[in-house]
Amino acid sequence: MRSEITKEVRARAQRAARAQKELRAAATWRKNAALENIAAALCANADTIVGANQLDIARGKEQDMSQGLLDRLALSRARLEQICRGIKEVVSLPDPVGKVVRGQNLENGLQLCQKRVPIGTLGVIYEARPNVTVDVAALALKSGNAALLRGGSAARNSNEELIRVIGQALVESGFCADLIVSLDDLGRPGASALMEARGYIDLLIPRGGHSLIQAVVENAKVPVIETGTGNCHIYVSASADIDQAEAVVLNAKTSRVGVCNAAETLLLDAALPEQAKVRLCEALTQAGVTLHADPEVRKMFPGAQVATNEDWDREYLSMDIAVKIVDGVIEATDFIGKHSSGHTEAILATDTRVVSEFIARVDSAAIAVNASTRFTDGGQLGLGAEIGISTQKMHARGPMGLEELTTTTWIYTGEGHIRK
C-alpha cells in the first residue's frame, strides 16, 4: 500500500513538473489573466465553497477542535472576498521571474548577470487553513511554480472545492490543472511520501503547529523551509505611552487568537509605574484573557494564574498570555532570546536609545516598534499574500512572498571565450 501511494505521489509530482515547464516560460500577462480568472471563479462559487467549509466546521466541532483552530478553518463569504482581494493584489505586484539581481562586465569581456527563476515544484503541508490553499496557488502561479498540497483532513471538503474551482479556472486560462494538485485523498501516507520525494519536489514548506513542523523537519528528505510557531513577545518599556500600549497589547492578543502572529508573552518593565502595569493586566482580563504570571505580577494582580516554566515557551493560540516583569531592555531581550520561536517581537517605547538596543539585540524574523505583532503577514506588509512565515535564516526569512519562491540563474555571455 505504501509503495503504491509513493508511486502515486511521484506520478502527480511528475505531471506537475511537466505543467510547470510551460508556466515557467509564460508571459506575465498570461499568469495575471489566470489569477484574475481564479479570483472571479472563487467568488462565483462562493456558495458551494462556504457550504463545503460548513461540513468541515461541523466535523471539527464534533471532534472538539479548539476555538483557535475553528477560527483558522472557517471560510465565510467575507473571508472569501478578502482572499480574492489578496489574489488581485498578487496580480498587481511585479513579476519576480526574469528580474536581474546583479550584473556586470568582467575584465575578460564576459557579460554576467544573475536572474530570478522559479524554484520548480513546491510541496506544502498544512492543516485546518483553507485560505492557505488559495494563497499558495496564487503565489506559486505568479512566481512560475507548480504546487502539491497536503491540506489535512480537517479542511478536506473546503480544499477539495477550492482546488476544483482553481483547476477549472486554470484550464479555461490555457494552463494545465496539474499545476495545483491536492494529496489529501492519500492521507498521512501521502504526506510521508511527499517528504521523501527527493528528485520530484524542489522545496517543501510545512505550515502549522509545532508537532507538524517538527515532523516535516525531522523526516523530510527534500529541502525544507521551516515556518515556525509564533511565541511572539511584547516588551513594554518604562518610556512607553501607556494609552498606545494598551491598544497595541489588546490588538496583538485578542484580535485573532488562533494565528501565529498573535502575542503570547507580555514583558513589563520593572520601572513602569505600578498603575500602568495593573492597567494593562486589567485590560487583558476584561477582554477575557487569562494571565499566566510570575510572582512579581501576581503581587500586583492576585487574580492571575501562576506561570509554570512551560508557559514561557507556549504558543497558546487561545485567550491566554504569559506575563513577566523584566529589569530593562537587556533582561527583556535576553529572555526573548531564550524563549522566542524567532517569529515576531515587539517593543513599545518612546526612548529611541531603548528601541535601538532592542532592535540590535533581538534576532527574530520580524520586529515591531510601537505596533502590533499582527502586522507580520504577507498581505499586511505589501506582499499580496504569503506562503508562510519563515523563522529560519536561509534565503527566505519572515513572510514569504513572490521573490522568496524564486531562485537564481547565472548567465554569462561571451564571444567564443575560453578559459586560460
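Residues numbered from 1 in each chain as written. Predicted model: local features only at pLDDT ≥ 70, side-chain atom pairs only at ≥ 80, totals over all residues. Heavy atoms only, no water.

- The name given to the protein in an unreviewed UniProt entry is Gamma-glutamyl phosphate reductase, and the organism recorded there is Winkia neuii.

**Quick word on the side chain of Asp-269**
Then, number 1: If you trace the backbone, Asp-269 turns up in strand S8 (residues 263-269).
Then, number 2: Buried within the structure, Asp-269 lacks any salt-bridge partner; its nearest side chain of opposite charge belongs to Lys-277, at an N-O separation of 6.8 Å.
Then, number 3: A polar contact is formed between the side chain of Asp-269 and the backbone nitrogen of Ala-271, at a distance of 2.8 Å.
Then, number 4: A distance of 3.5 Å separates the side chain of Asp-269 from the backbone nitrogen of Gly-328, its partner in a polar contact.
Then, number 5: Excluding anything up to four places from it in sequence, Asp-269 contacts Tyr-235, Val-236, Ser-237, Ala-238, Lys-277, Val-326, Gly-328 and Val-329. (Helix = DSSP H or I, 4+ residues; strand = E, 2+ residues; numbered from the N terminus. Buried < 20%, exposed > 50% of the residue type's maximum accessible area, 1.4 Å probe, protein only. Lys, Arg positive; Asp, Glu negative; His and termini not counted. Salt bridge = Lys/Arg side-chain N within 4 Å of Asp/Glu carboxyl O. Polar contact = N/O pair within 3.5 Å; in protein donor to acceptor, adjacent residues only side chain to side chain. Contact = heavy atoms within 4.5 Å.)

**A look at the packing of helix H3 (residues 46-62) against helix H7 (residues 156-172)**
Then, number 1: Relative to each other, H3 and H7 sit at 160 degrees, their axes nearing to 7 Å. By the angle between their directions, the pair H3 and H7 is classed as roughly antiparallel. Relative to H7, the crossing made by H3 is left-handed. Along its contact with H3, which presents Thr-48, Ile-49, Ala-52, Asn-53, Leu-55, Asp-56 and Arg-59, the element H7 presents Arg-156, Asn-157, Ser-158, Glu-161, Leu-162, Arg-164 and Val-165.
Then, number 2: Partitioning the contact of H3 with H7 into residue classes produces five nonpolar, four polar and five charged. (Axes fitted to C-alpha atoms, helices over the stretch in contact; angles between N-to-C directions. Parallel < 35°, antiparallel > 145°, perpendicular 65-115°, else oblique. Left-handed = near helix turned anticlockwise from the far one by under 90°. Nonpolar A, V, L, I, M, F, W, Y, C, P; charged D, E, K, R; others polar.)

**Here's the deal with the nonpolar core**
Then, number 1: Core analysis: the biggest nonpolar cluster contains 72 residues, and Ile-38, Leu-42, Leu-179, Ile-180 and Ile-387 have the highest contact counts within it.
Then, number 2: When residues in this core are grouped by element, the largest group, eight residues, is from helix H6 (residues 130-142).
Then, number 3: Non-local contacts of Leu-42, meaning those with residues more than four positions away in its chain, are made with Ile-49, Leu-80, Cys-84, Ile-87, Val-134, Leu-162 and Val-165.
Then, number 4: Counting residues in hydrophobic clusters, the runner-up holds 29 residues, among them Leu-268, Val-289, Leu-291 and Val-297. (Core = buried A, V, L, I, M, F, W, Y, C linked by side-chain atoms within 4.5 Å.)

**A short note on the pairing of S8**
Moving residue by residue along a regular strand, the side chains alternate between the two faces of the sheet.
Then, number 1: Most of S8 sits inside the fold, with seven of its seven residues counted as buried.
Then, number 2: Of the pairings in the sheet, the one linking strand S7 (residues 232-236) to S8 comprises five bridges and is parallel in character. Residue Val-236 lies in a different strand from S8, and its bridge partner there is Leu-268.
Then, number 3: A crossover links S7 with its parallel partner S8, the connecting element being helix H10 (residues 242-254), and its sense is right-handed.
Then, number 4: Strand direction decides the pairing type here: S8 and strand S11 (residues 320-326), joined by five bridges, are parallel. The residue bridging Thr-265 from the neighbouring strand is Ala-322, located in S11. (Pairing = 2+ DSSP bridges. Right-handed = clockwise from strand over helix to strand, strands pointing away.)

**With respect to helix H8 (residues 187-195)**
Then, number 1: Every buried residue belonging to H8 is among Gly-190, Ala-191, Ala-193, Leu-194 and Met-195, and all of these are buried.
Then, number 2: Along its buried surface, H8 packs onto helix H1 (2-24), strand S3 (121-126), strand S4 (146-150), strand S6 (203-207) and helix H9 (210-219).

**Overview of the sheet that holds strand S12 (residues 344-348)**
Then, number 1: Across the sheet, which stays open at both edges, the seven strands sit in the order S10-S9-S11-S8-S7-S12-S13 with parallel pairing between neighbours. Across the chains shown, the open sheet's two edge strands, defined by having one partner strand only, are strand S10 (305-306) and strand S13 (366-369).
Then, number 2: Contacting S7, S8, strand S9 (290-293) and S11, helix H11 (residues 274-286) crosses the sheet at an angle of about 160 degrees to S8.

**Points about the packing of H1 against H8**
Then, number 1: Two numbers describe how H1 lies on H8: the axes approach to 9 Å, and their chain directions differ by 60 degrees. Considered as vectors, H1 and H8 are oriented oblique to each other. Along this stretch, H1 crosses H8, giving a crossing that reads as right-handed. Residue-level contacts link Arg-2, Ile-5, Thr-6 and Val-9 of H1 to Pro-189, Gly-190, Ser-192, Ala-193 and Leu-194 of H8.
Then, number 2: Classifying every residue of the contact of H1 with H8 by side-chain character gives five nonpolar, three polar and one charged.

**Considering the domain arrangement of the protein**
When the parts come together, some accessible area is lost, and that loss is often what is quoted as the size of the interface.
Then, number 1: Per the domain assignment, the segments making up the protein are domain 1 (1-227 + 396-413) and domain 2 (232-380).
Then, number 2: A C-alpha centroid distance of 33 Å is found between domain 1 and domain 2.
Then, number 3: Every contact between the two is made by eight residues of domain 1 and, on the other side, 12 residues of domain 2.
Then, number 4: Across the domain 1/domain 2 interface, buried area totals approximately 800 Å², and carbon plus sulfur atoms make up 45% of it.
Then, number 5: Of all residues in domain 1, Arg-72, Arg-397 and Pro-399 bury the most surface against domain 2, accounting for 56% of the area lost on that side.
Then, number 6: Applying the counting criterion to the domain 1 and domain 2 interface returns two salt bridges.
Then, number 7: Here Arg-397 and Asp-363 are joined by a salt bridge, their closest N and O atoms 2.8 Å apart.
Then, number 8: For the interface between domain 1 and domain 2, the tally reads three residue pairs in polar contact (both at pLDDT 80 or more).
Then, number 9: Listed by contribution, the elements that provide at least two residues to the side of domain 1 that touches domain 2 are helix H4 (67-73), helix H5 (77-92) and strand S15 (398-399).
Then, number 10: For the side of domain 1 that touches domain 2, the element with the most residues is H4, which contributes three residues.
Then, number 11: Across the side of domain 1 that touches domain 2, the residue classes break down as one nonpolar, two polar and five charged. (Domains from an automatic or database assignment. Buried area = accessible area lost by both parts, 1.4 Å probe.)

**Re a nonpolar patch on the surface**
Then, number 1: Taken together, the side chains of Ile-359, Ile-367 and Val-369 present a nonpolar region at the surface, about 200 Å² in accessible area.
Then, number 2: Considering the arrangement of structural elements, one finds Ile-367 in strand S13. (Patch = residues over 30% accessible without salt bridge, like charges linked within 9 Å, V, L, I, M, F, W, Y side chains within 5 Å. Areas by Shrake-Rupley, 256 points an atom, 1.4 Å probe, with all protein chains shown as cover.)

**Comments concerning the sheet that holds S6**
Then, number 1: Strand order in the open sheet made by the four strands is S5-S4-S3-S6, with parallel pairing throughout. Each edge of the open sheet carries a strand with a single partner, namely strand S5 (180-182) and S6. Each adjacent strand pair in this sheet contributes to an overall mean axis angle of 20 degrees, direction not counted.
Then, number 2: Bridging between S3 and S4 involves five bridges; their strand directions are parallel. Of the residues in S4, the one forming a bridge with Ile-125 is Arg-150.
Then, number 3: Taken strand by strand, H8 contacts S3, S4 and S6, and its axis lies near 140 degrees from that of S3.

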